[in-house]
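Geometric and topological summary
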Amino acid sequence: MKIKIINQSQHALPNYAALASAGMDLRANLTEAFTLNPLERTIVKTGLFIELPIGYEAQVRPRSGLAAKKGITVLNSPGTVDADYRGEIGVILVNFSNEPFVIENGERIAQLIIAQHERAEWIEVETLSETSRGEGGFGSTGVK
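A brief report on the enclosed structure follows. (Residues numbered from 1 in each chain as written. Predicted model: local features only at pLDDT ≥ 70, side-chain atom pairs only at ≥ 80, totals over all residues. Heavy atoms only, no water.)

**Regarding the sheet that holds strand E11 (residues 108–116)**
Spatial ordering of the open sheet is given by E2-E11-E6-E8, a layout of four strands whose pairing is antiparallel. Edge positions in the sheet fall to strand E2 (24–27) and strand E8 (79–81), since each of these pairs with one other strand and no more. Averaged over all neighbouring strand pairs, the angle between strand axes comes to 35°, with direction disregarded. Bridging between strand E6 (residues 56–61) and E11 involves six bridges; their strand directions are antiparallel. Within E11, the position partnered with Tyr56 by the bridge is Gln116. (Pairing = 2+ DSSP bridges. Helix = DSSP H or I, 4+ residues; strand = E, 2+ residues; numbered from the N terminus. Axes fitted to C-alpha atoms, helices over the stretch in contact; angles between N-to-C directions.)

**Quick look at the pattern of salt bridges**
When charged atoms on two side chains of opposite charge get close, those side chains can pair. On inspection of all chains with the given rule, the structure shows three salt bridges. Notably, a salt bridge pairs Lys4 with Glu51, separated by 4.0 Å at the nearest N-O pair. Of the two residues, Lys4 sits in strand E1 (residues 4–7) while Glu51 sits in strand E5 (residues 48–51), which places them 47 residues apart along the sequence. The class of Lys4 is exposed, set by a relative accessible area of 57%. Across the pair Arg108 and Asp25 runs a salt bridge, and its minimum N-O distance is 2.9 Å. Of this pair, Arg108 sits in strand E11 while Asp25 sits in strand E2, placing them 83 residues apart in sequence. Judged by its relative accessible area of 36%, Arg108 is partly exposed. Several salt bridges share partner residues, and in doing so they unite Asp25, Arg63 and Arg108 into one network. (Salt bridge = Lys/Arg side-chain N within 4 Å of Asp/Glu carboxyl O. Buried < 20%, exposed > 50% of the residue type's maximum accessible area, 1.4 Å probe, protein only.)

**A closer look at the environment of Ala12**
Within the secondary structure, Ala12 sits in the loop between E1 and E2. We classify Ala12 as exposed; its relative accessible area is 65%. Considering only alpha carbons, one finds Ala12 and Leu26, 14 residues apart in sequence, at a separation of 9.9 Å.

Rendered as structure tokens:
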């Protein structure tokens, strides 16, 4: 699929690292390094603007390496970029570690996944069909 993009950063366009990769890395577009302190959150701009076709969204997700090694993750994971949004893609990062984390210009801060979605049409009813699970939730399907 082809997607229109404006790149106002000094970095290359997001790309897939391997043939089977689902996501493309997003990079921080900063004029200077920024320190994200423990339990602090911030929006990191990417310099990217996209035009998605209707019926698609771009999902902003954490990078597993940053989360596992540094405690840095995307706070509203996954973040959604809607097809009608034309502003700059920003990433809400949070530092869940006990150490300050320096975000450098060009740092890979998140990944972007393009996903198709459906639009729901609600049908208001008085009852729902029964299932073996019923109203069981939050761990009700078993423990192992």
